[in-house]
Amino acid sequence: MYKLCKNDKSQQRQRELEQGLLRAMLHRQYEDISVSDLCRELQVPRKSFYRYFTGKDGCLHALIDHAMMDMELLITRDVPESTEDPLGYMRFVFAYWKGQKQLLDALRYSSISGLLVQRAMEYAKETELWPIFMRTPAEQQRRNFTMLFTVCGLMTIITQWHQDGFAESVEEMAEIALRLVSEPLYINVKP
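Residues numbered from 1 in each chain as written. Predicted model: local features only at pLDDT ≥ 70, side-chain atom pairs only at ≥ 80, totals over all residues. Heavy atoms only, no water.

K.L.:
Quick one: what's the story with unusual backbone geometry, residue by residue and with numbers?
P.N.:
Positive phi outside glycine occurs at serine 111, with the angle close to 55 degrees. Structurally, the position occupied by serine 111 is in the loop between helix H6 (101–109) and helix H7 (113–126). Take serine 111: its relative accessible area is 65%, and that puts it in the exposed class. (Helix = DSSP H or I, 4+ residues; strand = E, 2+ residues; numbered from the N terminus. Buried < 20%, exposed > 50% of the residue type's maximum accessible area, 1.4 Å probe, protein only.)

Here it is as C-alpha cells:
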C-alpha cells in the first residue's frame with residue numbers, strides 16, 4: 001500500500017504528498033479525488049507519487065498510520081510509564097487527537113471516520129502502542145481481543161467526541177475513557 005521510507009528526504013516527500021491529500025480532503029470528498037488531480041495540485045509527476053504509494057488508498061492509509069506513529073513517538077518521549085499514570089496516558093491520547101482535528105475533519109467530511117478505527121486496530125496488533133493497563137494477562141496467549149475491543153472503543157469515542165465539536169474537555173474525556181477501561185461495563189453479567 002505504501003513504502004516505509006528510510007532516508008529523511010524520502011520521508012519528507014512522502015509526508016508532503018500525504019498532507020496534500022489531507023488538504024484536498026478538507027474541501028472534496030475522498031472518492032472525488034484522483035491521483036491525477038492530486039499530482040496536478042501538488043505539481044508532482046504521477047511517477048513520483050507511485051514511488052511512495054500503490055494508489056490513493058495507500059496514501060490515505062499512510063496518512064493515518066503516520067498519525068499513529070507520531071502519537072507513539074510522542075508517547076514514548078513525553079508520557080511517564082503508562083502503568084504508573086493511566087489518567088496521564090488518557091489525557092495525552094485525547095489531547096493528541098484533538099490536535100489532529102484536520103485529519104478528523106477530513107475523514108468525517110468523506111464519511112470514512114471508521115477507517116481511523118480500523119487502522120488503529122491494525123496498528124495496535126502490530127505495535128506496543130497501547131499500554132499494559134489496556135490489556136489482560138490472558139491476552140499474551142490469545143489474539144489480544146480485549147486490547148482490540150478497547151482500541152476500537154477508544155477510537156470510536158474520539159471520533160464521536162470530534163463529531164460533537166470536542167464539547168467535553170480533554171480531562172473529562174480522559175476520565176471517562178479510564179473509567180471505561182478499568183471498571184466493568186455491566187455489573188450483573190456472569191461469564
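K.L.:
Describe the nonpolar core, and please don't skip the residues or the numbers.
P.N.:
Of all hydrophobic cores here, the largest spans 55 residues; its most connected members are Leu60, Phe94, Trp97 and Met155. In terms of residue count, the dominant contributor to this core is helix H4 (residues 56–78) (nine residues). (Core = buried A, V, L, I, M, F, W, Y, C linked by side-chain atoms within 4.5 Å.)

K.L.:
Give me the lowdown on helix H8 (residues 145–163), citing residues and values where you can.
P.N.:
Its 19 residues place the ends of H8 27 Å apart at the C-alpha level, agreeing with the 27 Å of an ideal helix rising 1.5 Å per residue. Its buried side turned inward, H8 meets H4, helix H5 (86–98), H6, H7 and helix H9 (170–182). One or two steps after H8, the chain reaches glycine 165, where phi turns positive at roughly 80 degrees. (Expected span 1.5 Å × (residues − 1). Contact = heavy atoms within 4.5 Å.)

K.L.:
Tell me about the environment of leucine 74, and please be specific about residues and values.
P.N.:
Mapped onto the elements of the fold, leucine 74 is located in helix H4. The spacing of leucine 74 and tyrosine 96 is 22 residues in sequence and 9.1 Å in space, taken between C-alpha atoms.

K.L.:
Talk me through the packing of aromatic side chains; I want residue IDs and the actual numbers.
P.N.:
Summed over all chains, the structure comprises seven aromatic pairs. Summarising the aromatic geometry, the rings of phenylalanine 49 and tyrosine 50 are spaced 5.4 Å apart at their centres and angled 85 degrees between planes, so their arrangement reads as edge-to-face. According to the relative accessible area criterion, tyrosine 50 is partly exposed, its value standing at 36%. On the numbers, 5.4 Å between centres and 80 degrees between planes, the contact of phenylalanine 94 with tryptophan 161 is edge-to-face. Of the two residues, phenylalanine 94 sits in helix H5 while tryptophan 161 sits in helix H8, which places them 67 residues apart along the sequence. Of the residues examined, tryptophan 161 reaches a relative accessible area of 2% and is grouped as buried. (Phe/Tyr/Trp six-rings, centres within 6.5 Å; stacked < 30°, edge-to-face > 60°.)

K.L.:
Let's hear about the packing of H6 against H8: which residues, and what values?
P.N.:
Two elements in contact, H6 and H8, have axes whose closest approach is 10 Å; the angle formed by their N-to-C orientations is 85 degrees. By the angle between their axes, H6 is roughly perpendicular relative to H8. Along its contact with H6, which presents Lys101, Leu104, Asp105 and Arg108, the element H8 presents Ile158, His162 and Gln163. Split into classes, the residues belonging to the contact of H6 with H8 amount to two nonpolar, two polar and three charged. (Axes fitted to C-alpha atoms, helices over the stretch in contact; angles between N-to-C directions. Parallel < 35°, antiparallel > 145°, perpendicular 65-115°, else oblique. Nonpolar A, V, L, I, M, F, W, Y, C, P; charged D, E, K, R; others polar.)

K.L.:
How would you explain the packing of helix H1 (residues 8–25) against helix H2 (residues 35–42) if you had to name every residue and give the values?
P.N.:
Contact pair H1 / H2: the axes reach a minimum separation of 10 Å and the direction vectors enclose 105 degrees. With respect to their mutual orientation, H1 and H2 come out roughly perpendicular. In this structure, H1 contributes Leu17, Gly20, Leu21, Arg23 and Ala24 to the contact, and H2 contributes Leu38, Glu41 and Leu42. Looking at the contact of H1 with H2 residue by residue, the class counts come to five nonpolar, one polar and two charged.

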